[in-house]
There are 2 protein chains.
Amino acid sequence: MEQVTIRDIARKCKVGVSTVSRAMNNHPDINPETKEMILKVIAESNYVPNNSARNLKRSNAKAIAILVKGMDNMFFNNMISVIEEVVRKKKYSCIIERVEEKANEVDSAIEIVKEKRLRGIIFLGGNFTHPHEKMAQIPVPYVISTIGAVSDGGKPCASVSVDDYRESYKMVDYLCGLGHRRIAIITACEDDISIGRLRLNAYRQALLDHGIPYDPDLVFHMTKDDTYSFATGYKVTKEILEKKTEFSALYATADTLAIGACRALKEAGLTVPDDISVAGFDGIDAGEYYIPSITTIRQPVEQLAAETAKMLFSLISGKEEPCSKVYDGELVVRESTKSRIAQQ
Amino acid sequence: MEQVTIRDIARKCKVGVSTVSRAMNNHPDINPETKEMILKVIAESNYVPNNSARNLKRSNAKAIAILVKGMDNMFFNNMISVIEEVVRKKKYSCIIERVEEKANEVDSAIEIVKEKRLRGIIFLGGNFTHPHEKMAQIPVPYVISTIGAVSDGGKPCASVSVDDYRESYKMVDYLCGLGHRRIAIITACEDDISIGRLRLNAYRQALLDHGIPYDPDLVFHMTKDDTYSFATGYKVTKEILEKKTEFSALYATADTLAIGACRALKEAGLTVPDDISVAGFDGIDAGEYYIPSITTIRQPVEQLAAETAKMLFSLISGKEEPCSKVYDGELVVRESTKSRIAQQ
């Protein structure tokens, strides 16, 4: 079929090309009736503006969405870049949609699928403790990314993540190995039953295994309104310092929190790591460039993101059944931690 | 009209509710023909999964998109949060779509409008030097955000930004006032004719006004593939240090670049600000929590974002004509800069 051009539209409407352009561009200097007439003709024609006709046809047919909960979380930015690259190579278009902190991500998914006619969904972040019936309402294949081992009525949901318990254990074990016995932790809000709970449980177990009694006075929870941000790490560390609880190391369960913590410690006249060792989790860029650079558990972002996209396309094509894939994180020792003996 | 439930679908298909659920959820343990039949019935019915029926109707009708070029730019994250809040209050839904660095943002806009039936577009970032005819092809109202004063065939496009020339002048004037005469600059790639060019021109003028000769040896351009990231600031600063050009201050035209620069200086054994003063631009959170905290020009993110959304809705309702709105930035002096006399 011959492609309709702006000139064809102009001819059909008996107006100039610039008038068609003004109508499309919502310019004020055009007779409202003329404008309405032109837009009607455009709507009835197969007119697609230059260059985009082919792309349009392609992406109209095939799109997936990434639903992100916690957009401020820098860790997700890298994930999104890599996922998008894979999606584009598959000739799918990719929509990113934020889910508000308090919103139900499954409801959002159901809504967006109907609305945008998507082929699949990737959930980034969120709290996956929805009942089986709820998950079953998502009418397209989906992958839960960065959160592991969710089950949908006995069957595993498709998920790609690290083992948050194992990785968190690695970090606390490392800090204990440096001789620290008073290790404070900044963790998710008290009723979190997702990633935050796993990281905290591992902290308890690692202490136990090193013969260090668990002291609830060293456990500092975020509130429900706190996000994984610099500001939260800063605020909670100020609160820790006010309590005057003695500690030689601080395990902040996200790099953003660790950076905020370092700033609060500096303002209190304390030097990291000479006075206090600080460790994070995630492996975001900001931690690498920080002074001091932040000791962390690096999540394999490239692998997690690539596998997330790959798994979704396998589900879409019906080639694979939903399963959980778990990747290894890596303990990256940098400047923000040192042995307790050297510290004092 | 009565809402169709999953039970209605099950009855119509003569299967159990759980079978309908499996069909929707793409579970493997279902007869392919049964699944196809169920999905066909769902497609032909008005069935909308629980809770989302009302939201769906609403958002289906009204959506806008934010097209982001340079998603790694942390400055945009805050902007997106604020814009989304306003959009949600207006009962519109909001799609975020990334534009690849090398892609044409106007083509992307035209494509996405057709595809998703949008009411309006917000451009965040990008290089707005497209010919009038090209801009005119965007069939819905749009606002160009964080980039000022673009004209569409003599008429101003709708834009919301700071005056990049004036704000950049402020920073260089401040550095000169501290007694610095050898001020290196990290700026956009050589053929940039957008924000990067404005910030560089202001640097030249401020030096001139302080009687300091312009020295091309102090001007360091990013390459075409570089983004405004920590890594770029780090890499370019390493190159500066290798050249052994003498300088006492470094003006990095984004906070991300400034943070990367501080890290490179530290690794070269130089202390900020005792040996070198470092200044940034934008006012992102990471600069506030960095050690040393980064002297910067703070862009009024809340205002820019709120006005961007407000302007778009005015254009959609036909209440306003496209115009440029310019806001003031603020020089925020922090720990990373000090007077050259005190420095030595």
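Residues numbered from 1 in each chain as written. Chains lettered and ligands numbered in written order. Predicted model: local features only at pLDDT ≥ 70, side-chain atom pairs only at ≥ 80, totals over all residues. Heavy atoms only, no water.

Draft legend 1. Examining unusual backbone geometry more closely. With an omega of 5°, the peptide bond between V272 of chain B and P273 of chain B qualifies as cis. With an omega of 0°, the peptide bond running from I291 of chain B to P292 of chain B counts as cis. Looking at the secondary structure, you find P292 of chain B in the loop between α12 (285-289) and β12 (296-298). Here K244 of chain A, not a glycine, exhibits a phi torsion of approximately 55°, which is positive. As for its position among the elements, K244 of chain A is in the loop between α10 (230-243) and β10 (249-252). (Helix = DSSP H or I, 4+ residues; strand = E, 2+ residues; numbered from the N terminus.)

Draft legend 2. Spotlight on the sheet that holds strand β9 (residues 219-221) of chain B. Residue and element names in this part refer to chain B. One open sheet accounts for 4 strands, arranged β9-β8-β10-β11; its pairing is parallel. Strands with a single pairing partner mark the edges of an open sheet, and in this sheet they are β9 and β11 (277-279). Taken over all neighbouring pairs, the strand axes of this sheet differ in orientation by 15° on average, direction set aside. With 3 bridges connecting them, strand β8 (residues 183-187) and β9 associate as parallel partners. Each bridged residue has a counterpart across the sheet, and for T187 the counterpart in β9 is H221. The strands that helix α9 (residues 195-209) touches are β8, β9 and β10 (249-252); relative to β8, the one it contacts most, it runs at about 170°. The sheet strands contacting helix α11 (residues 255-267) are β8, β10 and β11, and the helix crosses β11 at an angle near 160°. (Pairing = 2+ DSSP bridges. Axes fitted to C-alpha atoms, helices over the stretch in contact; angles between N-to-C directions. Contact = heavy atoms within 4.5 Å.)

Draft legend 3. Representation of the pairing of strand β8 (residues 183-187) of chain A within the structure. Residue and element names in this part refer to chain A. Most of β8 sits out of view: 5 of its 5 residues are buried. The side-chain alternation of β8 yields two buried faces, one formed by I183, I185 and T187 and the other by A184 and I186. Looking at chain direction, β8 and β10 are connected through 4 bridges and run parallel. Bridge pairing links I183 to A249 in β10. The β-α-β motif built from β8, the intervening helix α9 (residues 195-209) and the parallel element strand β9 (residues 219-221) has right-handed crossover chirality. (Buried < 20%, exposed > 50% of the residue type's maximum accessible area, 1.4 Å probe, protein only. Right-handed = clockwise from strand over helix to strand, strands pointing away.)

Draft legend 4. View of helix α11 (residues 255-267) of chain A. Residues and elements named next belong to chain A. With 13 residues, α11 should reach 18 Å at 1.5 Å per residue; the first-to-last C-alpha distance of 19 Å fits that figure. Among the 13 residues in α11, 11 count as buried, and that is most of the element. Those residues of α11 not exposed but buried are D255, T256, L257, A258, I259, G260, A261, C262, R263, A264 and L265. Immediately beyond the C-terminal end of α11, within one or two residues, lies G269, with a positive phi of roughly 85°. (Expected span 1.5 Å × (residues − 1).)

Draft legend 5. Layout of the sheet that holds strand β11 (residues 277-279) of chain A. All names here are of chain A. With respect to topology, 4 strands assemble into an open sheet ordered β9-β8-β10-β11, the strand pairing being parallel. Across the chains shown, the open sheet's two edge strands, defined by having one partner strand only, are β9 and β11. Neighbour to neighbour, the strand axes of the sheet diverge by 15° on average, direction disregarded. Helix-sheet contacts for α10 involve β8, β9 and β10, and the interaxial angle to β8 is about 140°. Set on the sheet, α11 makes contact with β8, β10 and β11; between it and β11 the angle comes to about 160°.

Draft legend 6. Here's a closer look at the nonpolar core. In this structure, Y203, L250 and Y251 of chain A together with Y203, L250 and Y251 of chain B are the most contacted members of the largest nonpolar core, which totals 148 residues. Excluding anything up to four places from it in sequence, Y203 of chain B contacts S168, V172, I183, I185, Y214, L218, V219 and Y251 of chain B. Judged by nonpolar contacts, the second largest core, of 44 residues, contains V99, V106 and L118 of chain A together with V106 of chain B. (Core = buried A, V, L, I, M, F, W, Y, C linked by side-chain atoms within 4.5 Å.)

Draft legend 7. Fine view of the pattern of salt bridges. Residue and element names in this part refer to chain B. Overall, the coordinates contain 32 salt bridges over all chains when judged by the stated rule. Two residues, K170 and E167, come together in a salt bridge whose shortest N-O distance is 2.8 Å. In this pair, K170 and E167 are both assigned in helix α8 (residues 164-177), 3 residues apart and thus about one turn of the helix distant. Exposure remark for K170: the relative accessible area of 28% places this residue in the partly exposed category. (Salt bridge = Lys/Arg side-chain N within 4 Å of Asp/Glu carboxyl O.)

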